[in-house]
Amino acid sequence: MQDVPSLPTIRGGKNIPSTPISPEPSSPSSLAMASPSSPPYLSPQIMTGSSHDQSLSGEPEISPRRPPPRRSPSTALTVVSSDDGDKVSSRAKASEEVASKVEADGDVSSKEEDYEVANPPDRSTRTERIINDLLLLLCVVLMVLWPWIVFAIIKGNDGVQMYGRLAENYPNYPHEVAIVVTILGTANRLAATFLLGKIVVRFGQEKIALAKSGSVTVFGASALLAFRHASLVWGFGQWRQLTKGGGRFALLLLLVSYLAGLSLIPSGTAGLITPGEFNKTENLRGTELDFFSEDASCLAWLETNRVRNNCDWRSFGGTQYTTCLGENQMLDVLDSGRANMLSVIGITNETSALGQLGAEGTIRFLGSVKGVLPNGPNGVPAFNTLNPSLNPFANPSTRRQMVSYNYSLVQQGLESTVSCNYDTSSPIQYSAIEGGGPRLLASRGSCDPAAGLEDVLENIVEFATLNTNNTLTYWACKQRPPPGTLDPTYFIYLRGRVNYATSIGNITCKVSPMRAQTYSVDYLSLPGYFVAKPEPSPDSQSSRRATFSRYIEGGLNGLGALIWEAQNLSANLVAEAVFSLAAKTLNLSTFEPNAKYLELYAAMLQGVLEYEVSIFLHFILATDLPQQLDYPQATYSRLIYSLGENAPQTCLREITGSVTYSVRGWYISNAWTQAGLLLPMTLINLASLSLLIACFVIGKFQYRCQFDATDNVSLLAARVEGRQREDGGIEWRNKVKYNLVQP
């Protein structure tokens, strides 16, 4: 007779040998089961999982995720006969020793089984959960505050400027910058979604713990799931039912608003952190000569330091300047007159290049200079009078980071009207020069006192000029101001000889009283030129005070010197400048007079006079320096100090203006638009903050419920309680009972 063999017990994935069954007296039934035709294992009993789950089968039941248990020699199944009692006893003792060792390892195997649980319980201590909640609170507060802190810093500073390599290299990588900004905007959205989802889980735990039944309705569970995962968990077919319930419909609208707000978070973030170019504006202050000062000391100083028109070169501000008007400046003077002629015939996009003023490069003017001496960083460096404390150009780092800039200064210039006409006679007379031969000719004019005319050309008796077929001569007079007027009227006379006698003849030009006028002088860095435009609100005092006559008369002297210097053996450069422009742009004949020529001559003379007056002011300042002084090499403030005792402050006027420069950095172009884009993320984060505070108030940090009601496995294991409809439908108000896993 055979005994029933010992069977292995499987616990925790290990093979546990059971104690062999002692021999019992045989019974008829046992004998029948041990017939030779039966297999060695009769109705084995296999325990799987835990002691509460047993499976009986003809073969051992093996989990598909574990390999079949391997039997060691100590756990091998054997058939024990009754006459082998001693052998059975020894083997039983060995099996008991192995079984006791495996029992000691039972706790380890049970811990390994926890990783196979799809919804493990939360074993965090109360202290750990409080710390987690406080970290959540800190993160939510940061999410609420950081966009508005950045907004306030950028807006409060009118933009935050980049510096150094970042500013220089940023424009070279536009696509990379866009990628980084997009990633940051998406990360901000994910952070807001994650925090609200975590807090929704906490809120669901507190609400379930607060309920007496420890359950939640079907709609409540679906609402928690929707906000937890930021998705519409309800189908369109369910929306009609949701709209009929007031509370349910409100939650539906809240969810839709939440999803819409999430879609705007990347846009709001990108608008806040995307760098670009923006403009900064700062005020400028400086000084210049006052054209119409009535102070006696100023007038005396101007008279003492008037220009003598003696051609020479002097060093001033580190630059060599000529002390005569028009002659060594001929290219600049002609270019200024040409630019004024272009504006008369409707060409307004041409500039004049003034390269003799000592600027870095060439000073370019769109149109005429209007008698203005350009100031500021792109004007004449030696006469830059801008206050360094208000001047951003004085800071090399700031100027280096400027992408472009435009600055505007309200300066004084001259306003005049020149009109010309052909005349049958001229006050200019010719005479031979003794010993000069046929190539030289003397020209002089006379100002008729009976007509109220006076000489205006100081220290000039006659002009010795070349006697050619194309000779142009010049003279000027002034008419005493009539009663009730402040300034005299000036007359310019031009007379051509031989060929010019036909094409030019006798031209008389009337120069109306030249008045001081304020102009808005703008410098545009991208095209690189100045523009002088009449100030919309001119100085009301300029028409009530006389202009210092030396300004204008010095310009008339310079004009005579220019025409005399422009004469060569073949032609006169001033006349040829008018002829060439008329022939090319207006297709006029150069051999006969034309009314259009009169307009061009008037514009030419006006442009030359405006330039000469600005140069005249230039030399009034330069010639005041004593010869023994060490000439200043920096800004005009050094010059003002050097002139301290000699130049009265009443000869100076304040110039004002502003500079607008473009830099790279972060800025907010429209505060209301950007604030509107930040509002959705702020409301979402405030909602997270409110829910978290509600959790603190409701639960009082007791943590009576410690499972996630939105977990997918928990929902799959849950059951719906309550009455169901006849068609099997579940109502929104039915209760969801969760199958909780105990810790």
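Scoring rules and cut-offs
- Residues numbered from 1 in each chain as written.
- Predicted model: local features only at pLDDT ≥ 70, side-chain atom pairs only at ≥ 80, totals over all residues.
- Heavy atoms only, no water.
- Helix = DSSP H or I, 4+ residues; strand = E, 2+ residues; numbered from the N terminus.
- Contact = heavy atoms within 4.5 Å.
- Areas by Shrake-Rupley, 256 points an atom, 1.4 Å probe, with all protein chains shown as cover.
- Phe/Tyr/Trp six-rings, centres within 6.5 Å; stacked < 30°, edge-to-face > 60°.
- Buried < 20%, exposed > 50% of the residue type's maximum accessible area, 1.4 Å probe, protein only.
- Lys NZ or Arg CZ within 6 Å of the ring centre and 35° of its normal.
- Disulfide = S-S within 2.5 Å.
- Salt bridge = Lys/Arg side-chain N within 4 Å of Asp/Glu carboxyl O.
- Pairing = 2+ DSSP bridges.
- Polar contact = N/O pair within 3.5 Å; in protein donor to acceptor, adjacent residues only side chain to side chain.
- Axes fitted to C-alpha atoms, helices over the stretch in contact; angles between N-to-C directions.
- Patch = residues over 30% accessible without salt bridge, like charges linked within 9 Å, V, L, I, M, F, W, Y side chains within 5 Å.
- Expected span 1.5 Å × (residues − 1).
- Bend = angle between axes of the 7 residues up to and from the residue.

Colleague: Just checking my understanding: could you explain the overall build of the protein for this structure?
Modeller: Tallying secondary structure elements over the protein gives 19 helices and 25 strands in all. Put simply, of all contacts in the protein between residues at least 6 apart along the chain, 73% involve residues at least 24 apart. Per element, the accessible surface of the protein, about 38500 Å² overall, is 55% carbon and sulfur.

Colleague: How should the packing of aromatic side chains be read in this particular structure?
Modeller: Each aromatic ring pair is described using two quantities: the centre-to-centre distance and the angle formed by the ring planes. Summed over the entire model, instances satisfying the criterion amount to 18 aromatic pairs. Look at Trp148 and Phe151: their rings are 5.6 Å apart centre to centre, the planes differ by 65°, and that puts the pair in the edge-to-face class. Of this pair, Trp148 and Phe151 both sit in helix H4 (residues 126-156), three residues apart, which is roughly one turn of that helix. The partly exposed category is assigned to Trp148, whose relative accessible area is 28%. Consider the rings of Phe701 and Tyr703, whose centres lie 6.5 Å apart with planes at 65°: the pair is edge-to-face. Among the residues examined, Phe701 registers a relative accessible area of 26% and is labelled partly exposed. Positioned over the ring face of Tyr430 is Arg497, at 4.7 Å from the centre of the ring.

Colleague: Can you walk me through the state of the cysteines in this structure?
Modeller: A covalent bond between the sulfur atoms of two cysteines is referred to as a disulfide. Under the definition given, this model contains two disulfides. Two residues, Cys420 and Cys509, share a disulfide whose sulfurs are 2.0 Å apart. Between Cys420 and Cys509, the S-S torsion sits near 105°, and that sign places the bridge as right-handed. Placement of Cys420 in strand S13 (residues 418-423) and of Cys509 in strand S20 (residues 506-511) is noted, with a sequence separation of 89 residues between them.

Colleague: Would you mind going over the pattern of salt bridges with me for this structure?
Modeller: Pairing between side chains of opposite charge can happen when their charged atoms approach one another. This model, assessed by the stated rule, comprises 11 salt bridges. Connected through salt bridges with shared partners, the residues Asp133, Arg202 and Glu206 form a single ionic network.

Colleague: Looking at this structure, I do not really get the pairing of strand S18 (residues 470-479). What am I missing?
Modeller: Every other side chain in a regular strand lies on the same face of the sheet, so the side chains alternate between the two faces. Across the 10 residues that make up S18, a large majority, nine, are buried. One ladder, built from three bridges, connects strand S16 (residues 453-455) with S18; its direction is antiparallel. When the sheet's bridge partners are listed, Glu454 is paired in S18 with Lys478. In terms of strand pairing, S18 meets strand S19 (residues 489-498) through 10 bridges, oriented antiparallel. When the bridges of S19 are listed, Leu472 appears paired with Gly496.

Colleague: In this structure, what is going on with the side chain of Glu288? I would like to understand it.
Modeller: Here Glu288 is to be found in strand S7 (residues 276-289). Side-chain polar atoms of Glu288 contact the side chain of Gln411, separated by 3.1 Å. A polar contact of 2.7 Å, which involves the side chain of Glu288, links it to the backbone nitrogen of Gln412. Excluding residues within four positions of it along the chain, Glu288 makes contact with Gln411, Gln412, Cys651, Leu652, Arg653 and Ile655.

Colleague: Would you take a moment to explain the sheet that holds strand S15 (residues 440-445) for this structure?
Modeller: Within a sheet, each strand pairs with its neighbour through backbone hydrogen bonds, oriented either parallel or antiparallel. Strand order in the open sheet made by the three strands is S14-S15-S17, with antiparallel pairing throughout. Among the strands making up the open sheet, the edge pair consists of strand S14 (428-431) and strand S17 (463-466). Within the sheet, the average angular offset between the axes of one strand and its neighbour, ignoring direction, is 35°. Relative to S15, S14 runs antiparallel, the two being bridged by four bridges. Directly across from Ser431, in S15, lies its bridge partner Ala442.

Colleague: How should the environment of Leu472 be read in this particular structure?
Modeller: Residue position: Leu472 is located in strand S18. Judged by its relative accessible area of 3%, Leu472 is buried. Residues Leu472 and Gln567 lie 95 residues apart in sequence; the distance between their C-alpha atoms is 7.3 Å. In contact with Leu472, not counting residues within four places along its chain, are Leu494, Arg495, Gly496, Tyr500, Ile504, Ile563, Gln567, Asn572 and Ala575.

Colleague: Explanation requested: the sheet that holds S19 in the structure shown.
Modeller: On the basis of which strands lie adjacent, the open sheet formed by five strands has the order S13-S20-S19-S18-S16 and antiparallel pairing. In the strand order of this sheet, the two ends are held by S13 and S16, each with one partner. Each strand of the sheet is rotated relative to its neighbour by a mean of 30°, with strand direction disregarded.

Colleague: Looking at this model, I keep getting lost on a nonpolar patch on the surface. Mind explaining?
Modeller: Taken together, the side chains of Ile131, Leu135, Leu138 and Leu142 make up a nonpolar region of the molecular surface, amounting to roughly 380 Å² of accessible area. Mapped onto the elements of the fold, Leu135 is located in helix H4.

Colleague: Please clarify how H4 should be interpreted in this entry.
Modeller: Every α-helix winds through 3.6 residues per turn, so residues three or four apart in the chain are directed the same way. The end-to-end C-alpha distance of H4, which contains 31 residues, comes to 44 Å, matching closely the 45 Å that a straight helix rising 1.5 Å per residue would cover. At Leu145, H4 shows its maximal bend, which comes to roughly 30°, and the proline Pro147 appears one to four places after that position. Along H4, the positions that sit buried rather than exposed are Arg129, Asp133, Leu136, Val140, Met143, Val144, Pro147, Phe151 and Ile154. Positive backbone phi, approximately 55°, marks Asp158, located one or two places after H4.

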